[in-house]
Amino acid sequence: LGPHWLRTNLINLLTMFSVALRRTAATKSPNAFSFVCRSMSSLPETMKAAVVREVGDAHALKVETDFPTPALEAGKVIVKNEYAGINFIDTYHRKGMYPRDLPFVGGQEGGGTVAAVSDEAAAEGIKVGDRVAYSVFGSYAEYTAVPAAKLLPVPEGVGLDTATACVVQGLTAHYLTTSAHANLIKPGEWCLIHGVGGGTCQWAAQMAKLRGHKVIGTCSKGKEEIAKNLGCDELLVLDEVPGTSYEDYESMDIVAKVMEITDGVGCKSVIDGIGKSTVDISLGSLAHRGIFISFGNASGAVPAFPVLRLIGKSGYVTRPKLLDYTTTREELVGRADEIFGWLKEGKLNVSVDTTFPLDEAAEGHLYLEAGKSKGKVLYSI
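What counts, and where the lines are drawn
Residues numbered from 1 in each chain as written. Predicted model: local features only at pLDDT ≥ 70, side-chain atom pairs only at ≥ 80, totals over all residues. Heavy atoms only, no water. Pairing = 2+ DSSP bridges. Helix = DSSP H or I, 4+ residues; strand = E, 2+ residues; numbered from the N terminus. Patch = residues over 30% accessible without salt bridge, like charges linked within 9 Å, V, L, I, M, F, W, Y side chains within 5 Å. Areas by Shrake-Rupley, 256 points an atom, 1.4 Å probe, with all protein chains shown as cover. Salt bridge = Lys/Arg side-chain N within 4 Å of Asp/Glu carboxyl O. Buried < 20%, exposed > 50% of the residue type's maximum accessible area, 1.4 Å probe, protein only. Phe/Tyr/Trp six-rings, centres within 6.5 Å; stacked < 30°, edge-to-face > 60°. Lys NZ or Arg CZ within 6 Å of the ring centre and 35° of its normal. Contact = heavy atoms within 4.5 Å. Axes fitted to C-alpha atoms, helices over the stretch in contact; angles between N-to-C directions. pLDDT = per-residue confidence, 0-100. Core = buried A, V, L, I, M, F, W, Y, C linked by side-chain atoms within 4.5 Å.

Colleague: Before we move on, could you go through the pairing of strand 3 (residues 76-86) and cite the residues and values that matter?
Modeller: For a regular strand, the rule is simple: side chains alternate between the two faces of the sheet. The sheet contact formed by strand 3 and strand 7 (residues 143-147) spans five bridges and is antiparallel. Within the sheet, the bridge partner assigned to V79 lies in strand 7 and is T144. Summarising the sheet, strand 3 and strand 5 (residues 110-117) pair through seven bridges and their orientation is antiparallel. Residue pairing in the sheet places Y83 in a bridge with G111 of strand 5. The sheet contact formed by strand 3 and strand 16 (residues 376-380) spans four bridges and is antiparallel. Residue pairing in the sheet places A84 in a bridge with Y379 of strand 16.

Colleague: Just give me the short version of the sheet that holds strand 1 (residues 46-52), but keep the residues and values in it.
Modeller: With antiparallel pairing, three strands are arranged side by side in an open sheet as 2-1-4. In this open sheet, the two edge strands, each paired with only one partner strand, are strand 2 (61-68) and strand 4 (104-105). As defined by bridge partners, strand 1 adjoins strand 2 across six bridges and the pair is classed as antiparallel. In the sheet register, V52 faces strand 2, and the bridge partner there is L61.

Colleague: So what's going on with a nonpolar patch on the surface? Residues and values would help.
Modeller: There is a patch of nonpolar side chains on the surface, built from V307, L308 and I311 and spanning about 360 Å² of accessible area. You can see V307 is positioned in the loop between strand 13 (286-294) and strand 14 (316-318). Using a relative accessible area of 64% as the deciding quantity, one classes V307 as exposed.

Colleague: Tell me about the packing of aromatic side chains, residues and numbers included.
Modeller: In this structure the tally under the stated criterion is five aromatic pairs. The interplanar angle of 70 degrees and the centroid separation of 5.2 Å between the aromatic rings of Y92 and Y98 together place this pair among those described as edge-to-face. Look at Y92 and you get buried, because its relative accessible area is 5%. Ring plane angle 10 degrees and centroid distance 4.6 Å describe the contact between Y175 and Y325, whose orientation is recorded as stacked. Here the residue Y175 occupies a position in helix 5 (residues 160-178), and Y325 occupies one in the loop between strand 14 and helix 10 (329-344), the gap between them amounting to 150 residues. Grouping aromatic residues by their ring pairs yields a cluster made of F88, Y92 and Y98. Just above the ring of F137 sits the side chain of R100; from NZ or CZ to the centre is 3.7 Å.

Colleague: Can you tell me about the environment of A361, naming the residues and giving the values?
Modeller: One can find A361 in helix 11 (residues 361-369). C-alpha of A361 to C-alpha of I86: the two residues are 275 residues apart in sequence and 9.5 Å apart in space. Setting aside chain neighbours within four positions, we find A361 in contact with A50, L61, V63 and Y379.

Colleague: Which residues make up the environment of I271, and what values go with them?
Modeller: Along the chain, the position of I271 falls in strand 12 (residues 267-272). Taking C-alpha positions, I271 is 8.4 Å from C201, a pair spaced 70 residues apart along the chain. With residues up to four places along the chain from it excluded, the contact list for I271 reads L176, T177, C191, L192, I193, H194, C201, I293 and F295.

Colleague: Explain helix 11 to me, using residue names and the numbers behind them.
Modeller: Within the span of helix 11, buried status applies to A361, A362, G364, H365, Y367 and L368. The inward-facing, buried residues of helix 11 abut strand 1, strand 2, strand 3, helix 3 (88-95), strand 15 (352-357) and strand 16. Two residues or fewer past helix 11, G371 is found with a positive phi of approximately 75 degrees.

Colleague: Would you mind going over the sheet that holds strand 12 in detail, with residue names and values included?
Modeller: Taken in spatial order, the six strands of this open sheet run 11-10-9-12-13-14, and their pairing is parallel. Since the sheet does not close on itself, it has two edges, and those belong to strand 11 (234-238) and strand 14, each with one partner. When the angles between neighbouring strand axes are averaged without regard to direction, this sheet yields 15 degrees. Where strand 13 meets strand 14, three bridges bridge the pair, whose relative direction is parallel. Bridge pairing links F292 to V317 in strand 14. Of the strands in this sheet, strand 9 (190-193), strand 10 (214-220), strand 11, strand 12 and strand 13 are in contact with helix 8 (residues 254-261), which crosses strand 11 at around 165 degrees.

Colleague: How would you explain the pattern of salt bridges if you had to name every residue and give the values?
Modeller: When charged atoms on two side chains of opposite charge get close, those side chains can pair. Taken as a whole and judged by the stated rule, the model has 16 salt bridges. One salt-bridge network, in which partners are shared between bridges, spans R94, K95 and E369.

Colleague: Describe the confidence of the model for the chain, listing the residues and the values that go with them.
Modeller: In this model, the chain carries an average pLDDT of 90, and 89% of its residues clear a pLDDT of 70 or more. The low-confidence segment residues 1-37 (pLDDT under 50) makes 25 contacts with residues lying over four places distant or belonging to another chain.

Colleague: Run through the nonpolar core, naming residues and quoting values.
Modeller: The biggest cluster of nonpolar side chains holds 42 residues, and the ones touching the most others in it are L171, I193, V196, W203, I271 and I339. When residues of this core are traced back to their parent elements, those giving at least two are helix 5, strand 9, helix 6 (199-210), strand 10, strand 13 and helix 10. Residue contributions to this core peak at nine residues, all from helix 5. The next biggest cluster of nonpolar side chains, apart from the first, holds 27 residues, and it includes A84, F104, A361 and Y367.

As structure tokens, then:
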């Protein structure tokens, strides 16, 4: 250990004691010193992170080795990440489709161990070394500051890679199949789910079946083997767009197939993360008073359409997002507990497709955007 390390850690130590002394003077409580005990660690001043300083293509995601390590703030913990999930929404942030203040650390899904704990988090029973998963911005990094209320304890028997995969994709699939349909679909009724060979909708197809729905899934020929194991009642296997791994949604008359399968009734719920290429199919496949749930833009954003298009079947449409279905700690943990329970009982088959080292941050985004994934894509950190 060289002089720079000693000097840096001495400064950190003196700073923390200074904070504690001020808090002791302000609160007249010796317990203020407990903050020091829970936050002293070998956390470095800087860390490796995949950072966006200018929006653009996948190469706008630059790996930096001297990005400032986040500070421990009241009500938060610092998580030392082992994995970060790669999701399509991350590409929307990187491209500027969903604007964020620059620069920013990419990602919003991670899993690892707690490295430092604030007083408030400690009061809730969170300890250094706890295995956790979470969804907050800034997970493409060695360390992430996470509000205690956003932490999901990872139970024994569930790997951190699987737990990380659960956070965005699993929770998204959960709200899509339990809440976003506003109870317009009942057990025994038909649901159409696009792209079941990919990440989120692999989860959604299985969860819809667990809810008692009958499922029609679509997938490309290249992902047929994965999709066959999800329990769909009917699987529509599509040609691939030449030169890609994406489904060619013009290679089959999906609406006609849906009506044939459902005896002309249609689907009470359509879960669509594809977007531009499938909006007409989704609307055309609805049953009377069915709901079109548009949650993603894999093929491009859904273009505006007149609400009168819904009048033929008195249809519904919603464009939900995960944050609005995990608005309280109780709701977040309730969803996660049910998912972790299904995992431990073997009722969910989770596929981690590929894990990229964080140093290959751009390659991870390129892989996802090319439609190659057959399950969850992660960074190892």
